[in-house]
Amino acid sequence: MQFLRRPDAILHISDQGPRDGRVVMFANSLGTDLRVWDLLLPLLPADLRVIRFDKPGHGLSDASPAPYSMEGLAADAEAICEALALQNVTFIGLSIGGLIGQALAAKRPDLIQALVLMDTAAKIGSAQMWNSRIAAVRESGLEPMGPAIMERWFTAPYRQERPEFALWTNMLTRTTVEGYTGCCAAIAGADLTESTRALQLPVLVLCGDQDGSTPPELVQATADLITGAEFRLVPEAGHIPCAEQPEATARLITDFLERTTR
Ligand SMILES: O=C(O)CC1=CCC(=O)O1
């Protein structure tokens, strides 16, 4: 089991695949851990070196005290890249993971060679909305809002027909309050519009066609900021297309990787 030791927390890392493979780093969404990519990874090319990590207070990573900042979360991803001596990284970020990817690509153009932004935006929601969510989670925990969040993460047919759906609720509700609210604060404080507009690298922007958290119009508006960015919808998917439609998501990512990292 691999980790990065920060002064105040130990962060869980996974580093799989050939050492000399094309480097792809994944960043998870709010309330999910690195297992959110489990269904997608076997469908991607076999020559990839795949790096994943758990944000503070998510998965196996320590929960350092909230609030967190987007700069701090991007610095964690940067520190992991440096600890593993990674170069020419393709960064694939889901939701808050996509904000982390935008921040890191702006800070370290020498490190990040391509970006896949999945169900994310340069700015997600308003500070007021995130502050209300922080207050509600601090008051009552994550369980009461689980059903409403799941309606935004997954389409109705998936929620109704797939028995494994319950596991995603478990993943969300087992996230620590400190980690969840810390990340909410980081999203509340992040407006990356100007730095994202200045990005100059290959970018693929994906969105589930039924995403209730970051709807397609919002995600496409971020794609439109970036010169040359490609925008693609994943059919019959909510906010987590890598879990709900892994085959379609893998096809889009593989096609992008073949064109940008060979
Ligand atoms: O869980 C949500 O509300 C959706 C979401 C917004 C940012 C993120 O990472 O997930």
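The name given to the protein chain in an unreviewed UniProt entry is 3-oxoadipate enol-lactonase, and the organism recorded there is Pseudogemmobacter faecipullorum.

(A) Expanded view of the UniProt feature "domain: AB hydrolase-1" (unreviewed entry) in the protein chain. UniProt records the feature "domain: AB hydrolase-1" (unreviewed entry) for residues 29-251 in the present numbering. Taken end to end, residues 29-251 comprises 45% helix and 13% strand; its first and last C-alpha atoms sit 21 Å apart.

(B) Helix H7 (residues 177-188), seen in detail. Between the first and last C-alpha of H7 there are 16 Å, a value that for 12 residues agrees with the 16 Å anticipated at 1.5 Å per step. Burial runs high along H7: 10 of the 12 residues are buried. Buried within H7 we find Gly179, Tyr180, Thr181, Gly182, Cys183, Cys184, Ala185, Ala186, Ile187 and Ala188.

(C) Region of the structure containing the site of the ligand. For the ligand, the full set of nearby residues is Ser29, Leu30, Ser95, Ile96, Trp130, Arg133, Ile149, Arg152, Trp153, Ile187, Ser213 and His239. In this structure, Leu30 approaches the ligand through a main-chain N or O atom, which is 2.8 Å from an oxygen atom. Within the side chain of Trp153, one N or O atom sits 3.0 Å away from an oxygen atom of the ligand. Relative to its unbound accessible surface of 280 Å², the ligand loses 99% to contact with the protein. Of all the elements in the fold, those that place two or more residues in the shell around the ligand are helix H3 (127-140) and helix H4 (146-153).

(D) Seen up close, the pairing of strand S4 (residues 48-53). With respect to burial, S4 is a largely interior element, 6 of its 6 residues being buried. The two faces of S4 match: Leu48, Val50 and Arg52 on one face and Arg49, Ile51 and Phe53 on the other face are all buried. Two elements, strand S2 (residues 9-16) and S4, share 4 bridges in a ladder whose sense is antiparallel. By the bridge assignment for S4, Gln16 is matched with Val50. As paired elements, strand S3 (residues 22-27) and S4 share 6 bridges and run parallel to each other. Within S4, the position partnered with Arg22 by the bridge is Leu48.

Thresholds applied
- Residues numbered from 1 in each chain as written.
- Predicted model: local features only at pLDDT ≥ 70, side-chain atom pairs only at ≥ 80, totals over all residues.
- Heavy atoms only, no water.
- UniProt positions renumbered as here; feature names shortened; annotations may be inferred.
- Helix = DSSP H or I, 4+ residues; strand = E, 2+ residues; numbered from the N terminus.
- Expected span 1.5 Å × (residues − 1).
- Buried < 20%, exposed > 50% of the residue type's maximum accessible area, 1.4 Å probe, protein only.
- Near = heavy atom within 4 Å.
- Polar contact = N/O pair within 3.5 Å; in protein donor to acceptor, adjacent residues only side chain to side chain.
- Areas by Shrake-Rupley, 256 points an atom, 1.4 Å probe, with all protein chains shown as cover.
- Pairing = 2+ DSSP bridges.

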